[in-house]
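# An overview of the molecular structure
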Amino acid sequence: MNHYRQWLCAALLFCGISIANAQQKLVFTPQWTAQAQFVGFYVASSMGFYQEAGLDVVIRHPAASKPSINYLTEGESQFITLNLVTAMTFIDNGIPLVNVLQMSQQNNLMIVSHTPLNGVESLRGKKVGHWKSGFSELPMAMDKKYGLGIQWIPFISNVNLYISGAIDAALAMSYNEFFQLKMAGQRIKKEQLLYMRDIGYNVPEDGVYVTADFYLKHKDLAIKFAEATRKGWEWAVEHPEEALDIVMLTMRQSGIPGNMIAQDWMLKQILSQLADKDTSKRSYKLEPKAVELANRILLESGVIKKEITYHQITQL
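Counting restarts for each chain, with residues numbered from 1 along the sequence as it is written. Local features in this predicted model are restricted to residues whose pLDDT is 70 or higher, and side-chain atom pairs enter the listing and the counts only when it is 80 or higher, whereas totals over whole chains, interfaces and linings include all residues. Values shown for side chains rest on all heavy atoms present in the structure; no hydrogens or waters enter the calculation.

### Quick look at the sheet that holds strand 2 (residues 56-59)
An order of 2-1-3-10-4 is seen for the five strands of this open sheet, with the pairing classed as mixed. Because the sheet does not close on itself, it has two edges, and the strands there are strand 2 and strand 4 (97-102). Strand-to-strand, the axes of this sheet are offset by a mean angle of 35°, without reference to chain direction. Relative to strand 10 (residues 206-211), strand 4 is paired through five bridges, and the arrangement is antiparallel. Counterpart to Asn-99 in the pairing with strand 10 is Tyr-209. Residue contacts are counted whenever heavy atoms from the two residues lie within 4.5 Å of one another. Axis geometry follows a simple rule: fit a line to the C-alpha atoms, using only the stretch in contact for helices, then measure angles between N-to-C directions, giving values from 0 to 180 degrees. Secondary structure elements are defined from DSSP: runs of H or I of at least 4 residues count as helices, runs of E of at least 2 residues count as strands, and each element is numbered from the N terminus. Sheet strands in contact with helix 5 (residues 84-92) are strand 3 (79-83), strand 4 and strand 10, and its direction is about 105° off that of strand 3. Helix-sheet contacts for helix 10 (residues 219-238) involve strand 1 (25-29), strand 2, strand 3, strand 4 and strand 10, and the interaxial angle to strand 4 is about 30°. For two strands to be treated as a pair, DSSP must find at least two bridges joining them.

### Observations concerning the packing of helix 2 (residues 39-46) against helix 10
Closest axis-to-axis distance for the helix 2/helix 10 pair is 7 Å, and the angle between their directions is 105°. Comparing their axes, helix 10 and helix 2 come out roughly perpendicular. Here Val-39, Gly-40, Phe-41, Val-43 and Ala-44 of helix 2 come into contact with helix 10, specifically with Phe-225, Ala-228, Thr-229, Gly-232, Trp-233, Trp-235 and Ala-236. When its residues are assigned to classes, the contact of helix 2 with helix 10 shows nine nonpolar, three polar and no charged. Note that the term roughly parallel is reserved for angles under 35 degrees, roughly antiparallel for angles over 145, roughly perpendicular for angles of 65 to 115, and oblique for everything else. Amino acid classes used here: Ala, Val, Leu, Ile, Met, Phe, Trp, Tyr, Cys and Pro are nonpolar; Asp, Glu, Lys and Arg are charged; the rest, including Gly, are polar.

### Thoughts on the pattern of salt bridges
Any carboxyl oxygen of Asp or Glu that lies within 4 Å of a side-chain nitrogen of Lys or Arg is treated as forming a salt bridge with it. For the coordinates displayed, the defined rule picks out 13 salt bridges. With a closest N to O distance of 2.9 Å, Glu-76 and Arg-60 form a salt bridge. Highlighted residues: Glu-76 in the loop between helix 4 (68-73) and strand 3 and Arg-60 in the loop between strand 2 and helix 4, separated in sequence by 16 residues. Two residues, Asp-213 and Lys-217, come together in a salt bridge whose shortest N-O distance is 3.4 Å. Of this pair, Asp-213 and Lys-217 both sit in helix 9 (residues 212-217), separated by four residues, roughly a single helical turn. You can call Asp-213 partly exposed: its relative accessible area is 45%. The exposed category is assigned to Lys-217, whose relative accessible area is 58%. A 1.4 Å probe rolled over the protein chains alone gives each residue an accessible area, and that area as a share of the maximum for its type sets the label: buried under 20%, exposed over 50%, partly exposed in between.

### Side note on helix 11 (residues 240-253)
When the terminal C-alpha atoms of helix 11 are compared, their 20 Å separation across 14 residues agrees well with the 20 Å that a helix rising 1.5 Å per residue should span. By the burial criterion, the buried members of helix 11 are Ala-243, Leu-244, Ile-246, Val-247, Met-248, Thr-250 and Met-251. Lining the buried residues of helix 11 we find helix 2, helix 10 and helix 12 (260-272). Where helix 11 terminates, the next one or two residues include Gly-255, which has phi positive at roughly 75°. One less than the number of residues in a helix, times 1.5 Å, gives the span that helix is expected to have.

### Let's talk about the sheet that holds strand 6 (residues 127-131)
Taken together, five strands build an open sheet; the order of strands is 7-6-8-5-9 and the sheet is mixed. Of all strands in the sheet, those bounded by a partner on one side alone are strand 7 (151-155) and strand 9 (193-195). This sheet shows a mean twist of 30° between the axes of neighbouring strands, independent of strand direction. Here helix 6 (residues 137-146) sits on the sheet in contact with strand 5 (109-113), strand 6, strand 7 and strand 8 (169-173), set at roughly 165° to strand 7.

### Focus: the pairing of strand 1
Along strand 1, four of the five residues are buried, which leaves the element largely enclosed by surrounding structure. Bridge analysis of strand 1 against strand 2 gives four bridges, and the strand direction is parallel. Within strand 2, the position partnered with Val-27 by the bridge is Val-58. Bridge count between strand 1 and strand 3: two bridges; the pairing is parallel.

### Examining helix 13 (residues 288-300)
Between its terminal C-alpha atoms helix 13 stretches 18 Å, which fits the 18 Å expected from 13 residues at 1.5 Å a residue. Two residues or fewer after helix 13 comes Gly-302, characterised by a positive phi angle close to 80°.

Functional significance is not addressed by these values, which are geometric in nature.
In structure tokens form, the structure reads like this:
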């Protein structure tokens, strides 16, 4: 009987451990399809950093018709990436979110024009292409602040409108669409570029978000996920060539056609934006000054109705 009890206790203990491990299974969804923009997560998964933290993380990329926020609010994912200003608009609309890791410390958004730009006034009354899926809050806030009367022309994810000359300018990410334009043969001079970070809109972009409810119930998991992910990003900084190989493999496994030259450009741009512009340090934290700047821009343009406090978005 004693042997039976020992066996039973051992079996129950094993089942308890198995159940606990099963509860560690987490789903992460970035805001777009597989690409170097999310290299730190791919590295953390490939190098076993999540497993070392006791986490079973599944990376699930979103469908074009279903943004990452939907995966989070519908309970299909526990962790997602969002642009800071986008996250703040969701919070303002009644979706409590908590930032548990901030990768981007600088803004990559730019306006590419067919003609030279002499400040924001050069955009008055112009036709400017923007993404249907979002990411346009800052330039639209700029438009409203200066009363430029920009005609915003929506596009999905390509640069054909700009190349065809159907629009005067287009929004672009320095790590993505700008490179696409260059590879398409567009001879773009620096006078044709207007970086949002250079005109007072240097709001950091990608961070990791969870629901406030998940954070309150599973703060330990959020901290473990954030730390393991940070290791992934640091490893990518130290081993960029190997990190690029991991990106290309992830893209192939996801059925996404990948151009190594384009992904290498994106990787270098993304890694360079991990550091604070003033301190050159990679903190992986959302700083109060970033939240303050985003609040000021979004409030004065009417994008959000009330201030999103630093504690509210970070629980710190």
